[in-house]
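Read off the chains here:
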Amino acid sequence: MEKKSAFTSRNVFLALLGIGLLILLSGCQQAGTGGIQEITSGTPGFFNHYFVYPFSLLLKTFAEWFQGSYGLSIILVTLMIRFVLLPFALKQSKDQMHMKGKMAKAQPELSVIQEKMKKAKDAETKTKLQQETMKVYQKHQINPLAALGGCLPLLIQLPFLTGFYYAIQRTPEIAQHSFLWFNLGSPNLVLTLLAAGIYFLQARVSLVGLEEAQKKQMAMFSYLSPVMIGMFSLTAPAALPLYWTIGGIFVILQTLLTKKLFHADSSRNRKAEAPV
């Protein structure tokens, strides 16, 4: 149980880290330079050159295709990024479900060792129990370092999502246009509430199918992420909560898809391996 909770906690931590970095870096940039600087082909910096500027150029190109609609451009680029990153997200979910299945099989043996570990007082006994734990891992083909590998898909996504975030911020043409009922360059309360609501729904959907202990661990995340997004959206240009809303809807559908695919596969595997 402790191992399965660890996988969930890692995802929560990285998700919160990503949101926190966006808000922190945005605040630092505005405080350090006196405002957001426009991104151009001559803006120095590796990240600016290879991530932020290409996304800004893509936003301008698509806006021209849609007769100057930067709102549609933001939606299209957001969906393109999400679809490109989808295979990484699916692989991560599949690997997590596979690892959870192995841990479920090994848990009875690990529980016995954990109970012995609580009662062990001398270092020699603890060392032997640790060796027994490793033997159980080997028996069930569990790699204790697999959790680190599971972080890789999330880390791969971060520079793309962050680069697009800054491209929206640093493309001044966006602020001069309107989309639907709101101005892309000004805060909008309705869109702020919509973005926060989508993030709350996204967090709740991620809890579907989890055990009660895991749900309790992630309960805080269900409220923290929408609060953070909502607070930042109150003063941010409406283009940013538009981006978060579209991305959040995509992630909700992605989460439902992965749960249906991999939870179903996991259930079939357990039935197939169950003793007759």
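Scroll up to find the structure this text is about.
Summarised in this report is the structure supplied together with it. (Residues numbered from 1 in each chain as written. Predicted model: local features only at pLDDT ≥ 70, side-chain atom pairs only at ≥ 80, totals over all residues. Heavy atoms only, no water.)

1. Re the environment of M97
Note the threshold: Put simply, DSSP H or I for four residues or longer makes a helix, DSSP E for two residues or longer makes a strand, and each gets a number counted from the N terminus. Each residue is placed in one exposure class: buried if its accessible area under a 1.4 Å probe, protein chains only, is under 20% of its type's maximum, exposed if it is over 50%, and partly exposed if it falls in between.
Counting through the fold element by element, M97 comes out in helix α3 (residues 70-119). Of the residues examined, M97 reaches a relative accessible area of 15% and is grouped as buried. Between the alpha carbons of M97 and T258 there is a distance of 9.8 Å; along the sequence they are 161 residues apart.

2. Quick look at the nonpolar core
Stated formally: Take the buried Ala, Val, Leu, Ile, Met, Phe, Trp, Tyr and Cys residues and link them wherever side-chain atoms come within 4.5 Å; each set so joined is a nonpolar core. Residues are treated as being in contact if the distance between any of their heavy atoms lies within 4.5 Å.
Among the nonpolar cores identified, the biggest contains 35 residues, and I74, F164, I168 and L242 are the most heavily contacted of them. In this structure F164 touches F55, L59, I74, V77, T78, I81 and Y243, once residues within four positions along its chain are discounted. By size, the runner-up hydrophobic cluster in this structure holds ten residues, among which are M99, M103, I113 and A120.

3. Thoughts on α3
Here is the rule: Given a helix with a known number of residues, its expected span is that number minus one, times 1.5 Å. Take the seven residues that end at a residue and the seven that start at it, fit an axis to each, and the angle between those axes is the bend at that residue.
For α3, spanning 50 residues, the distance from its first C-alpha to its last is only 64 Å, which falls clearly below the expected 74 Å at 1.5 Å a residue. The sharpest bend along α3 comes to roughly 50°, located at Q107, with the proline P108 sitting one to four residues further on.

4. Quick notes on the packing of α3 against helix α4 (residues 123-139)
The cut-off we apply is this: Helix axes are fitted only over the stretch in contact, all axes being lines through C-alpha atoms; the angle between N-to-C directions runs from 0 to 180 degrees. Comment on the angle field: the value is read as roughly parallel under 35 degrees, roughly antiparallel over 145, roughly perpendicular from 65 to 115, and oblique elsewhere. Under the convention adopted here, Pro, Cys and the residues Ala, Val, Leu, Ile, Met, Phe, Trp and Tyr are nonpolar, Asp, Glu, Lys and Arg are charged, and Gly plus all remaining residues are polar.
Two elements in contact, α3 and α4, have axes whose closest approach is 10 Å; the angle formed by their N-to-C orientations is 175°. In terms of their interaxial angle, α3 and α4 are classed as roughly antiparallel. Across from A106, E109, L110, I113, K116 and M117 in α3, the residues of α4 making contact are K126, L129, Q130, E132, T133, V136, Y137 and K139. Taken together, the residues of the contact of α3 with α4 sort by class into seven nonpolar, two polar and five charged.

5. Things to note about unusual backbone geometry
In this structure, Q67 is a non-glycine residue whose phi angle is positive, near 55°. Its location among the elements puts Q67 in the loop between α2 (46-65) and α3. Residue Q67 is classed as exposed on the basis of its relative accessible area, which comes to 79%. With a phi close to 55°, L180 is a non-glycine residue in the positive phi region. Given the relative accessible area of 65%, L180 is considered exposed.

6. Side note on the packing of aromatic side chains
Aromatic ring pairs are reported here in terms of the distance separating the ring centres and the angle at which the planes meet. For clarity, the cut-off: Aromatic rings from Phe, Tyr and Trp, taking only the six-membered ring of Trp, are treated as a pair when their centres fall within 6.5 Å; an angle between ring planes under 30 degrees marks them as stacked, one over 60 as edge-to-face, and anything in between as tilted.
All chains considered together, the criterion is met by twelve aromatic pairs. Taking the centre distance of 4.9 Å and the plane angle of 55° together, the rings of F62 and W65 count as tilted. In this pair, F62 and W65 are both assigned in helix α2, three residues apart and thus about one turn of the helix distant. Among the aromatic side chains, those forming a connected cluster through ring pairs are Y165, Y166, F232 and W244.

What is shown is where atoms sit, not what they do.
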